[in-house]
Amino acid sequence: MFNKKPKETINNIAGATNSGDAVEDIMRKYDKESNTRIWSGKPALVVRVIMVVFSIYIMWSTLFNTQALEQRLTMFIGLIMIMGYLTYPASKKHVVANFVPWYDVILMVLGAGSFLFYYFNYEKIAWELSSATKMTTTHIVVAIIGLLCLFELCRRCVGLPILCVAGAIIIYTFASGTNLKRVLFTLFYSTNGVLTTPIQVCARYIAVFIIFGAFLERTGIAQFFISLANALVGRFAGGPAKVAVISSALCGMVSGSSVGNTVTTGSVTIPMMKETGYEPEFAGAVEAAASTGGQIMPPIMGAAAFLMAEYMNITYAEVALKAILPAVLYFTGIFIAVHLEAKKKNLKGIPKEKLPKAGPLLKKIYLLAPLVLLVWLVVSGARTMQFAATVSIGAAVLVGVIDYFVDKAGGVKNDMSYKKVLEALEAGGKGTITVAVACCMAGVIAGCITATGLASKLISAIVGVSSSISFINPQIIGMILTMLCCIVLGMGVPTTANYCIMASTCAPILITMGIPKVAAHFFVFYFGIVADITPPVALAAYAGSAIAKSNPMKTGINATKLAIGAFIVPYIFCLNPAMLFVDTTPMDVVLIVITSIIGIFGVAACFNGYLFKKMNAVVRIAALVGGLLMMYPGIVTDAIGFALMIAVFLVQKLSKKEA
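Described below are features of the structure shown in this document. All figures in this text were calculated on a predicted structure; none of them were measured in a lab.

A few words on the packing of helix 7 (residues 137–157) against helix 8 (residues 160–175). For the pair helix 7 and helix 8, the least separation of the axes is 8 Å and the interaxial angle reads 150°. Taking contact as the criterion, the partners of F151, C154 and R155 in helix 7 are, on helix 8, L160, I162, L163 and I170. Within the contact of helix 7 with helix 8, the residues separate by chemical class into 6 nonpolar, no polar and 1 charged.

The subject of this paragraph is the pattern of salt bridges. Oppositely charged side chains may form a pair once their charged atoms are brought near each other. In total, this model carries 10 salt bridges according to the counting rule given. For R37, the salt bridge is made with D104, and the minimal N-O distance between the two is 2.5 Å. Of this pair, R37 sits in the loop between helix 2 (19–30) and helix 3 (41–64) while D104 is found in helix 5 (residues 102–120), placing the two residues 67 residues apart along the sequence. Just as R37 is buried, D104 falls in that class too. For R156, the salt bridge is made with D104, and the minimal N-O distance between the two is 2.6 Å. Within this pair, whereas R156 is found in helix 7, its partner D104 is found in helix 5, the two being separated by 52 residues in sequence.

Per the stated rule, a full pass over the model turns up 23 aromatic pairs. Between Y499 and F525 the ring centres are 6.1 Å apart and the planes differ by 80°, which places this aromatic pair in the edge-to-face class. With Y499 in helix 24 (residues 495–505) and F525 in helix 26 (residues 517–529), this pair connects stretches of sequence that are 26 residues apart. Accessibility assignment for this pair places Y499 and F525 in one class, buried. An aromatic cluster of three or more residues is present, and its members are Y311, Y499, F522, F525, Y526 and F573. Looking at K653, its charged tip hangs above the ring of F612, at a distance of 4.6 Å from the centre.

Rules used in this analysis
Residues numbered from 1 in each chain as written. Predicted model: local features only at pLDDT ≥ 70, side-chain atom pairs only at ≥ 80, totals over all residues. Heavy atoms only, no water. Axes fitted to C-alpha atoms, helices over the stretch in contact; angles between N-to-C directions. Helix = DSSP H or I, 4+ residues; strand = E, 2+ residues; numbered from the N terminus. Contact = heavy atoms within 4.5 Å. Nonpolar A, V, L, I, M, F, W, Y, C, P; charged D, E, K, R; others polar. Salt bridge = Lys/Arg side-chain N within 4 Å of Asp/Glu carboxyl O. Buried < 20%, exposed > 50% of the residue type's maximum accessible area, 1.4 Å probe, protein only. Phe/Tyr/Trp six-rings, centres within 6.5 Å; stacked < 30°, edge-to-face > 60°. Lys NZ or Arg CZ within 6 Å of the ring centre and 35° of its normal.

Listed below in structure tokens is the structure:
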């Protein structure tokens, strides 16, 4: 299985000879998860079997496994260690076909062996280790090896930022006087470290939903979403950009990866936008902003939604419900911005003859059945989330088979077969690796914070700083500091891991300052996500710029402007949680929806600098202030904001007529 000498490098195998290879190259450059080993022949079959078996085990385990929590988690992490070292090399330079160096084999065996040692000796360990003082030399060595191998796998598949954070907090833990035994006991053997909430949620819910997403992709739902978006808005001014917004929102909620979604849908939409007349920097930014927002799009919302439900102690259905209005405002803002840009540049839509017909699309509506079934099962509460996901996976397979026969009857080639099922199981297993490792690292950070009481110290410090600035609302200061932490920590870090860290550290700060729990967690979730489009480390924007062949920094700045709603809305729902449907009535909700959409229109017009004609500075400021006032729930603010918006509208309309 393992060759002694490298034979083929990545450049030989994955050269950018066609568009598919170019997409792969971009993914490898900007997405840490895509820097993987290359397998072919019998070694590829072995690795594929391991991934498939893992996915099947996960579905079985989430439904039927009755072992102790520690056993289920250590087996889960042990398998992740095996798959991780088989998938991720030490660096890009080590990506060689069918080759794993000897030291990676040792790391894989030691890393997996440490967690499996815990699994097979759980009853004995549970009996012996009632406290850190009872740890033997064997326990200490196993814990050290397991954690070090986990850290190295994190460096490979997640990246250095989260590792640096974990390292700094571990050093602080030792500096605060905590001894080695207590640290190792907390991080490795207790359920307050690696085995804490993030990895518990990952093993229970997230993994099976990742597998579900892999099945959805192979039923052709992504292409269906793109075709549907084309049919809906492709003919309008600047149609391709609007297609990008809608299709990326729909695809992104399933994929859970900003970079992956940018590259997947962007390879189709970005060239279309450029051909229509959008500047390359704008085209790449539209796709990056829309793809990043896919993670906040209910009902799936990537992987972090399950963690949010756990941390906030509410149901997943409630999380999805509360996410609706902020997500609508986010995408409405982008949609309005691309529309105004199209009007400003007098861009046309896609010719009618090039658009997909409504008839064939309606015939494919059954592709949405797995998603509809999932939502119904989750919302009804009749079954557990993992059961709902597993049943929906079966529905996705059935839909794929139906699609195969429908296409075959229509004379269309469709390669759906049992191989697609195996590919989905393989992709699901592979996709779980990075999320699981990130959750483990988040557990390490949370464990150290708990052991040292760092969270309470941070809370006291920030509350003290906020209170010392008397002329500004202390909550605003706390939110600004939290926002900066989320964006910095989120640079290059998966959203799931970023959210876990911020939920343990910064969300409690906001809650202590009087912000409702739900609003505080949504706040850190949003700003963890926008790190993917916020310069200087805006990976989704840089991936979009690579496809658009544009300036990366300008693309990132444009993406930030387009996603301005994600920077404003969190402040508003923290100051007034009615936007998250907290303590509100149906009539209040209707009013909030109407005023918020008008408000985001004003903000988008301000940043675009165009409504009916180019805006001067005074009109832009009026549009911004009016928009913000309308987005903030309240009768007085709505009235003032509406008056300003009417004034902006009339000034622009009348001045255009005069011109």
